[in-house]
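# Working through the structure, step by step
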Amino acid sequence: MPTVDDILEHIGEFNFFQKQTFFLLCLISVAFTPIYVGIVFLGFTPDHRCRSPGVAELSRRCGWSLSEELNYSVPGPGPEGQCLRYAVDWNQSALGCLDPLAGLAANGSPLPLGPCDQGWVYDTPGSSIVTEFNLVCADSWMLDLFQSAVNVGFFIGSMSIGYIADRFGRKPCLLITILINASSGVLMAIAPNYTSMLIFRLIQGLVSKAGWLIGYILITEFVGLNYRRTVGIFYQVAFTVGLLMLAGVAYVLPHWRWLQFTVTLPNFCFLLYYWCVPESPRWLISQNKSAKAMKIIKHIAKKNGKPLPGSLQSLRPDEEVGEKLNPSFLDLVRTPQIRKHTLILMYNWFTSSVLYQGLIMHMGLAGSNIYLDFFYSALVEFPAAFIIILTIDRIGRRYPWAMSNMVAGAACLASVFIPEDLYWLRVTAACLGRMGITVAYEMVCLVNAELYPTFIRNLGVLVCSSMCDIGGILTPFLVYRLTDIWHELPLVVFAAVGLIAGALVLLLPETKGKTLPETIEEVENMQRKKKKKSSKIY
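In the nomenclature of an unreviewed UniProt entry, the protein chain is known as Major facilitator superfamily (MFS) profile domain-containing protein of Muntiacus muntjak.

With that out of the way, let us pick up the side chain of Arg-228. Note that Arg-228 resides in helix 11 (residues 225-252). Only 3.4 Å separates the side chain of Arg-228 from the side chain of Glu-450, close enough to count as a polar contact. Aside from chain neighbours lying at most four places away, what touches Arg-228 is Thr-220, Val-223, Leu-446, Glu-450, Thr-511, Lys-514, Thr-515 and Leu-516.

Although it is not a glycine, Asn-134 sits at a positive phi angle of roughly 55 degrees. On the secondary structure map, Asn-134 appears in the loop between helix 7 (129-133) and helix 8 (141-168).

Quick look at the nonpolar core now. Soluble, globular proteins show a tendency: their nonpolar side chains are buried together. Membership of the largest hydrophobic core comes to 141 residues, with the highest contact counts inside it found for Ile-129, Met-197 and Trp-401. If one sorts the elements of this core by residue count, helix 10 (residues 194-222) sits on top with 14 residues.

Centre-to-centre distance and the angle between the planes together describe a pair of aromatic rings. Counting across every chain of the model gives 19 aromatic pairs. Ring geometry for Trp-258 against Phe-261: centres 6.3 Å apart, planes inclined by 45 degrees, an arrangement best described as tilted. With Trp-258 and Phe-261 both in helix 12 (residues 256-264) and three residues apart, this pair spans about one turn of that helix. Its relative accessible area of 58% is what places Trp-258 among the exposed residues. Among the residues examined, Phe-261 registers a relative accessible area of 23% and is labelled partly exposed. Cluster of aromatic residues (ring-pair linked, three or more members): Phe-32, Tyr-36, Phe-154, Trp-212, Tyr-216, Tyr-235 and Phe-239. Stacked on the ring of Tyr-399, the Lys or Arg Arg-398 has its end atom at 4.9 Å from the ring centre.

Turning to the environment of Leu-206, a few remarks are in order. Its place among the elements puts Leu-206 in helix 10. Since its relative accessible area comes to 26%, Leu-206 is described here as partly exposed. When the C-alpha positions of Leu-206 and Ile-161 are compared, they lie 8.4 Å apart, and in sequence the two are 45 residues distant. For Leu-206, the residues in contact, after removing those within four places along its chain, are Gly-153, Phe-154, Ile-156, Gly-157 and Ile-161.

Packing of helix 2 (residues 16-37) against helix 14 (residues 290-304) leaves a shortest axis separation of 7 Å and a crossing angle of 100 degrees. Classified by the angle between their axes, helix 2 and helix 14 sit roughly perpendicular to one another. Every residue of helix 14 that contacts helix 2 at Phe-16, Phe-17, Gln-18 and Gln-20 is listed here: His-299, Ile-300, Lys-303 and Asn-304. Along the lines of polarity and charge, the residues of the contact of helix 2 with helix 14 split into three nonpolar, four polar and one charged.

Position of Ser-415 relative to the elements: it lies in helix 18 (residues 398-417). Overall, the relative accessible area of 7% leaves Ser-415 in the buried class. Filtering out sequence-adjacent residues up to four positions away, Ser-415 remains in contact with Arg-426, Ala-429, Ala-430, Glu-488 and Leu-491.

Restricting attention to buried positions, one finds in helix 1 (residues 4-11) the residues Val-4, Asp-5, Ile-7, Leu-8 and Ile-11. For helix 1, the arc enclosing every buried residue in end-on projection is 155 degrees, short of the 170-degree limit, so these residues lie on one face. Contacts from the buried residues of helix 1 go to helix 2, helix 10, helix 11, helix 13 (281-286) and helix 14. In the segment just after helix 1, Gly-12 is the residue with positive phi, at about 115 degrees.

Our focus in this paragraph is the packing of helix 18 against helix 21 (residues 489-505). For the pair helix 18 and helix 21, interaxial distance at closest approach is 7 Å and the crossing angle is 160 degrees. Relative to helix 21, helix 18 is oriented roughly antiparallel. Read as a crossing pair, helix 18 and helix 21 show a hand that is left-handed. Residues Arg-398, Trp-401, Ala-402, Asn-405, Met-406, Gly-409, Ala-410, Cys-412, Leu-413, Ser-415 and Val-416 of helix 18 form the contact with helix 21, whose own contacting residues are Leu-491, Val-492, Phe-494, Ala-495, Gly-498, Leu-499, Ala-501, Gly-502, Ala-503 and Val-505. Taken together, the residues that form the contact of helix 18 with helix 21 break down as 15 nonpolar, five polar and one charged.

Our next topic: a nonpolar patch on the surface. A cluster of nonpolar side chains, Ile-176, Leu-179, Ile-180, Leu-265 and Phe-268, forms an exposed patch at the surface whose accessible area comes to about 410 Å². Looking at the secondary structure, you find Leu-179 in helix 9 (residues 170-189). The exposure class assigned to Leu-179 is partly exposed, which follows from its relative accessible area of 41%.

So, how was this worked out
Residues numbered from 1 in each chain as written. Predicted model: local features only at pLDDT ≥ 70, side-chain atom pairs only at ≥ 80, totals over all residues. Heavy atoms only, no water. Helix = DSSP H or I, 4+ residues; strand = E, 2+ residues; numbered from the N terminus. Polar contact = N/O pair within 3.5 Å; in protein donor to acceptor, adjacent residues only side chain to side chain. Contact = heavy atoms within 4.5 Å. Core = buried A, V, L, I, M, F, W, Y, C linked by side-chain atoms within 4.5 Å. Buried < 20%, exposed > 50% of the residue type's maximum accessible area, 1.4 Å probe, protein only. Phe/Tyr/Trp six-rings, centres within 6.5 Å; stacked < 30°, edge-to-face > 60°. Lys NZ or Arg CZ within 6 Å of the ring centre and 35° of its normal. Axes fitted to C-alpha atoms, helices over the stretch in contact; angles between N-to-C directions. Parallel < 35°, antiparallel > 145°, perpendicular 65-115°, else oblique. Nonpolar A, V, L, I, M, F, W, Y, C, P; charged D, E, K, R; others polar. Arc of directions from axis to C-beta. Left-handed = near helix turned anticlockwise from the far one by under 90°. Patch = residues over 30% accessible without salt bridge, like charges linked within 9 Å, V, L, I, M, F, W, Y side chains within 5 Å. Areas by Shrake-Rupley, 256 points an atom, 1.4 Å probe, with all protein chains shown as cover. Salt bridge = Lys/Arg side-chain N within 4 Å of Asp/Glu carboxyl O.

In structure tokens:
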């Protein structure tokens, strides 16, 4: 009985149809970037001070710049994060321009302070949700909530939409997530208040990441064995391209509402995929819909200009899927090998998220240009992709993946002992750690799909990857709270987490040169085949 991989060897593993579909799905990966990291620009917090009555008039009279005006607007945050202002009369004509505070203080006594009830002054030519909704001082936690909302959405969406995609198909679920994502993105751009904006941000989180991962699953199921890892890697490279493009668009459009509109509207074009991207034939076979699967396979053969041999036109489902299989969360832990895969993959997704985001937060990009800082930080991800391409077919998945985690952990541990005056060495170690965890991040996404049978593959990827959302929620607390205890303590935690992740990866089977498993039995036999050192090459 021929498998999908057997048929693709005859009609093209990566010909015109696969290249066209790959390009279209990569655009989804590019468009996902603003949702995942757009908070850097949407929630940018510029230098700000409490507005004091009369300071603006005095600033105009003295010809101050905005930065000079801010110096006389507030002495700093008060207790419990409350912003305070000088409770004095700035309209006195006797005030000088060189040191007006000296003329307000009687006998050198401290100036009285009052609540910041006149608004804030922001040193920025553009706008963000921070400047529009005044998410500063006592309300600064609302910006954290804004970013947490999208991560909560990622988590819930991965758990629910993953099940729906495996139950009802990849294509309808992809189109639904695109429509909801685009609509909620536009509604967020015109939201009149913080509460409605937060709700639409949560809705975006519920569907956007799930749509990105469904696109990843689709492209890996359309191509043949020899190209599966390549398209998986470059699908993630498309996300990095999105990072670079986002920096440029945000620079041109410094106002958050226009930026949100601009990065959201292209998502509506993806609805045209209804006519361009078919359902996955692998999923159809797993659901005992061989006739529909064969129709799509013939369409692929026609697009590729390859004939479909008559001996391959009697496709039948495997014996195990003689009845329609409905995925269940219990399937991810029911059998020994799949249970082991699930637990190790969940931990590695969590580790990748914590180290990837945590290293960025702890290192702190130097300089004051947010656009260049963001651009440079994105460039480091390109070498990681080529490292995977150069090693994955020569060495395999398991050892480069384990080594990248260990390198990231070791780099974090080394940074703890590097003196502050050796700044260049600390930066080098931080970049090495960032490179290692980027490789691990891309590797876990690649291998995750290769360790589950078809009928629960989408569910397995989305459930395991949901742990990176938990990591995204916890990382700010790990970094900033532990830093209050000891500045290098987060690096010690990152080192331990990374080294453990690398050791656990060695317990997984190697998937190099193996077809995607179609049944539970095939997954359970992967480890046994490894132990027997079978010479059979797929």
